[in-house]
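Here is how the chains run, residue by residue.
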Amino acid sequence: MTAFLDISNLSIQFPRSPVPVLRDVTLRINRGEYVSIIGHSGCGKSTLLNIVAGLLPASAGGVVLDGREIDGPGPDRAVVFQNHSLLPWLTCYENVKLAVDRTAGRGMSRAERHDWIEHNLALVRMTHARDKRPGEISGGMKQRIGIARALSMKPKVLLLDEPFGALDALTRAHLQDQVMAIHAELGTTVIMITHDVDEAVLLSDRIVMLTNGPNAQVGEVLAVDLPRPRDRIALASDPRFTGPRAAVLEFLHHRHSLPAEKVA
Ligand SMILES: Nc1ncnc2c1ncn2[C@@H]1O[C@H](COP(=O)(O)OP(=O)(O)OP(=O)(O)O)[C@@H](O)[C@H]1O
């Protein structure tokens with residue numbers, strides 16, 4: 001049986017580059033699964049996500065989502081980037097509306113569209129700021145609107161490219177908890193890129209560790225066997241949390257550490 005999201009033997013080599021960034025990456029993701037991708041800077045995490053998003057073409061191999069080969073961007077794959085990409089002249093409500101009008105809102109009446117926008121703002125607890133513009137809200141709030149906008153498209157897969165990377169630790173923790181709650185409520189399939197090992201363990205069903213580039217491959221896939229809902233405080237000393245955490249750290253810092261000159 002084919003997986004919900006099937007990444008098969010994917011390679012990509014950029015023009016004017018002597019070697020592929022990714023080589024022969026294969027990954028099968030089930031419907032509703034939360035999968036994190038972790039690896040050193042420059043190994044090709046964003047490149048992989050961009051191929052799934054349809055923003056970059058693979059040089060070899062391919063991606064099939066729910067039985068359909070991906071050959072370009074589409075509303076079935078919504079991306080949230082590290083730095084919000086909201087339109088500064090529109091309010092939070094209007095930013096979400098823009099996405100709804102072009103995707104899931106087609107075929108809805110005006111009133112249904114309105115309810116759907118409000119529903120997604122409420123999902124990220126942003127109803128109170130619906131009429132504010134991005135310049136008037138905090139970084140964490142902007143990311144929440146970005147997530148609401150992505151979810152409002154009813155995507156089959158939510159692609160998160162370091163969505164909490166630019167946030168302070170407390171805001172980050174708060175947003176992680178919200179995303180976990182949304183994932184539990186909607187059962188959305190999620191692929192998330194992160195550099196944060198704790199974040200990967202806390203949120204994921206599986207963690208995909210990429211080897212260093214070029215020619216990066218899937219080095220190891222770790223299943224996180226933790227019941228949900230997950231409580232960050234209770235888990236801090238739980239061996240089912242600390243075990244996978246140590247395994248990812250071991251992969252990144254011992255088995256696939258970067259040579260000093262590449263880090264500098
Ligand atoms: N459009 C492009 N043209 C040429 N090379 C590219 C292009 N996009 C990315 N690369 C190269 O591909 C490699 C992987 O980049 P990518 O951004 O996917 O890495 P990453 O793992 O997401 O890094 P980081 O964790 O620092 O964000 C890098 O060496 C980068 O320079």
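Residues numbered from 1 in each chain as written. Predicted model: local features only at pLDDT ≥ 70, side-chain atom pairs only at ≥ 80, totals over all residues.

**Description of the UniProt feature "domain: ABC transporter" (unreviewed entry) in the protein**
Part 1 of the argument: Mapped onto this numbering, the UniProt entry gives "domain: ABC transporter" (unreviewed entry) at residues 5–237.
Part 2 of the argument: Within residues 5–237, the helical portion is 33% and the strand portion 23%, while the C-alpha atoms at the span's ends are 33 Å from each other. (UniProt positions renumbered as here; feature names shortened; annotations may be inferred. Helix = DSSP H or I, 4+ residues; strand = E, 2+ residues; numbered from the N terminus.)

**Re the pairing of strand β9 (residues 206–210)**
Part 1 of the argument: Where burial is concerned, most of β9 is hidden: 4 out of the 5 residues are buried.
Part 2 of the argument: Two elements, strand β3 (residues 34–38) and β9, share 4 bridges in a ladder whose sense is parallel. The residue of β9 that forms the bridge with Val 35 is Arg 206.
Part 3 of the argument: The sheet contact formed by β9 and strand β10 (residues 218–223) spans 5 bridges and is antiparallel. Looking across to β10, one finds that Val 208 is bridged to Val 221. (Buried ≥ 20, exposed ≤ 12 C-beta atoms within 10 Å, placed from the backbone. Pairing = 2+ DSSP bridges.)

**Section: the sheet that holds strand β6 (residues 77–80)**
Part 1 of the argument: Overall, mixed pairing links the 6 strands, which are arranged β6-β7-β8-β3-β9-β10 in an open sheet. Only two strands of the sheet have a single neighbouring strand rather than two, namely β6 and β10. On average, each strand axis in the sheet is tilted by 20° relative to the strand beside it, whichever way the strands run.
Part 2 of the argument: Across the sheet, helix α8 (residues 239–255) is in contact with β3, β9 and β10; its angle to β10 comes to roughly 175°. (Axes fitted to C-alpha atoms, helices over the stretch in contact; angles between N-to-C directions. Contact = placed C-beta atoms within 7 Å.)

**Quick notes on the site of the ligand**
Part 1 of the argument: In the neighbourhood of the ligand, the contacting residues comprise Phe 14, Ser 17, Val 21, Gly 39, Ser 41, Gly 42, Cys 43, Gly 44, Lys 45, Ser 46, Thr 47 and Gly 213.
Part 2 of the argument: The residue makeup of the shell around the ligand, split by class, is 3 nonpolar, 8 polar and 1 charged. (Near = placed C-beta within 6 Å. Nonpolar A, V, L, I, M, F, W, Y, C, P; charged D, E, K, R; others polar.)

**Looking at helix α4 (residues 139–152)**
Part 1 of the argument: With 14 residues, α4 extends 20 Å between its outermost C-alpha atoms, agreeing within 8% with the 20 Å of an ideal straight helix rising 1.5 Å per residue.
Part 2 of the argument: Most of α4 sits inside the fold, with 12 of its 14 residues counted as buried.
Part 3 of the argument: When we look at burial in α4, the residues that qualify are Met 141, Lys 142, Gln 143, Arg 144, Ile 145, Gly 146, Ile 147, Ala 148, Arg 149, Ala 150, Leu 151 and Ser 152.
Part 4 of the argument: Looking at the buried residues of α4, the elements they touch are β6, α2 (92–102), α3 (110–123), β7 (157–161) and α5 (169–186).
Part 5 of the argument: Phi turns positive, to about 50°, at Lys 154, one or two residues after α4. (Expected span 1.5 Å × (residues − 1).)

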